[in-house]
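What follows is the residue order along each chain.
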Amino acid sequence: MSGLDEKLHDIHEEVLRRNPGEIEFHQAVHEVLDSLGPVVAKHPQYADEAVIRRLCEPERQIIFRVPWVDDNGQVQINRGFRVEFNSALGPYKGGLRFHPTVYLGIVKFLGFEQIFKNSLTGLPIGGGKGGSDFDPKGRSDGEVMRFCQAFMTELYRHIGEYTDVPAGDIGVGGREIGYLFGQYKRITNRYESGVLTGKGLTWGGSQVRTEATGYGTVFFTHEILKSRGESFDGKRVVVSGSGNVAVYAIEKIHELGGTVIACSDSSGYIVDDKGIDLDLLKDVKLHRRARITEYAEQRGTAHYVAGGTVWEVPCDIALPCATQNELNGHDAVTLARGGCTIVAEGANMPCTPEAVKLFAESGVTFAPGKAANAGGVATSALEMQQNASRDSWSFGHTEERLAEIMRNIHSRCVETAEDYGQPGNYTAGANIAGFIQVADAMLALGVI
Ligand code: NDP
Ligand code: 2IT
């Protein structure tokens, strides 16, 4: 897998050699380098002054032991990570993921993506990511609290409102951010609201942050539709996942007149031709943390398919909102044959490189996660602004700010793709626009 021009090929080889076995990180780097050929041709200083090579090496990587005691009195050991990737534009910013598949390669791919995504928001935030191989599934609230406290007991010394500002990701939502913030406050004896985002509304959180990633992905998709003179009206949409991003994507699609006919979790998927009943889905997946099978058991119009892939369900628009590499080349072909014309990534890197290539070949418009799902981190930056000014904005005002940010990201992608001779290529537009802003800041700040 290379196909890169010479200078970029050498950088990619170096990344493979220095980071053995970290396949998701290799994939994320390749996807960005693949877009940078025309940039390096036009501006050789980015390669000559080693900006790209520096960008591929995290500024700091922290790995730590997380010991905690489960409900049976047994000591459990997990591994914690925080990769502080790039701070040229602002403090490191990015979520924490708690999932058994987390290892350094996952955290590095997410941290790398975050640099360009955060740059695209136009807000002053650098890129970072963290997490643990802790599996919250089946754990009691008490166990989750003790795990979060143990995790923060090490993490606290590395973060701060001007240094590094974590938030949620898979397995980390309002409950976990609460326990993490509580422990940070207790250890430091400081009510430093800006150290974490995704906080509860009564203790420093922002309106719309919970909804922001899903809403933002739908706003971005709406911009694509508008550019074709279309809208969500009457569109049949398939969303994968049924967590934070998926649920609020479904909510906004329904508000805009589309119908979501299928969604999934890690065990299987449900099809509901009448449109997903959002109250029921929220109750099953967000409030009770149960399996999606329960949705089908309680809703007569729905059926459950164990295993398989939700991309088998024909639709006009597909929004992958679960996890990396969940949509492969075979799925891409199935979607295109079923009439799908837009795929926008709510998750981070859910489409494999082969799927992305096949979308281009079959005329499916593809919006990469670093553009389409940037609404979550953008609203985190709005939460930081509110914390810094000890203010709190209304839902309507915050949602309008989010919508405006997504419109700006969309137009930056479109214009940059055109400037670099690739009209309609959102991947090129996002990678190039995100890169140039960070690269110029790195050049200005000197070799650090
Ligand atoms: P949640 O933990 O709330 O939900 C994750 C959903 O994806 C669940 O339905 C889960 O199923 C499913 N899922 C997770 N891992 C797998 C897997 N290995 N195979 C199949 N299904 C899986 O996470 P979020 O909704 O917050 O995150 C979803 C995606 O969006 C991730 O890629 C994340 O990085 C990205 N993202 C999140 C942002 C945020 O603000 N939260 C911002 C930008 C991107 P199950 O319930 O069975 O585990
Ligand atoms: O992938 C992401 O952008 C997130 N998980 C959100 C990060 C944040 O800091 O809000």
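Everything below is about the structure shown above.
Please read all numbers here as calculations on a predicted model, not as lab measurements.

This part takes up the site of ligand 1. Contacts to ligand 1 come from 25 residues, most closely from K137, D169, T213, S266 and R291. Computed on the free molecule, ligand 1 has an accessible area of 890 Å², of which 83% lies beneath the protein chains in the complex. Split into classes, the residues belonging to the shell around ligand 1 amount to five nonpolar, 12 polar and eight charged.

Here the focus is the sheet that holds strand β8 (residues 268–272). Taken together, the seven strands give an open sheet; going across it, the order is β9-β8-β7-β6-β10-β11-β12, and neighbouring strands pair in mixed fashion. A strand with exactly one partner marks an edge of an open sheet, and here the two such strands are β9 (302–306) and β12 (365–367). Along the sheet, successive strands turn relative to each other by an average axial angle of 15°, direction set aside. Both strand β7 (residues 259–264) and β8 contribute to a ladder of three bridges, which runs antiparallel. Bridge assignment links C263 to a residue of β8, and that residue is I270.

Applying the stated criterion across every chain yields a total of 30 salt bridges. Its salt-bridge partner being R299, residue D272 comes within 2.6 Å of it at the nearest N-O pair. Of the two residues, D272 is situated in strand β8 and R299 in the loop between α12 (293–298) and β9; the sequence distance between them amounts to 27 residues. In this structure D272 comes out as buried when scored by relative accessible area, which is 0%. E294 serves as the salt-bridge partner of R288, at 2.9 Å between the closest nitrogen and oxygen.

The rules behind the values
Residues numbered from 1 in each chain as written. Chains lettered and ligands numbered in written order. Predicted model: local features only at pLDDT ≥ 70, side-chain atom pairs only at ≥ 80, totals over all residues. Heavy atoms only, no water. Near = heavy atom within 4 Å. Areas by Shrake-Rupley, 256 points an atom, 1.4 Å probe, with all protein chains shown as cover. Nonpolar A, V, L, I, M, F, W, Y, C, P; charged D, E, K, R; others polar. Pairing = 2+ DSSP bridges. Helix = DSSP H or I, 4+ residues; strand = E, 2+ residues; numbered from the N terminus. Axes fitted to C-alpha atoms, helices over the stretch in contact; angles between N-to-C directions. Salt bridge = Lys/Arg side-chain N within 4 Å of Asp/Glu carboxyl O. Buried < 20%, exposed > 50% of the residue type's maximum accessible area, 1.4 Å probe, protein only.

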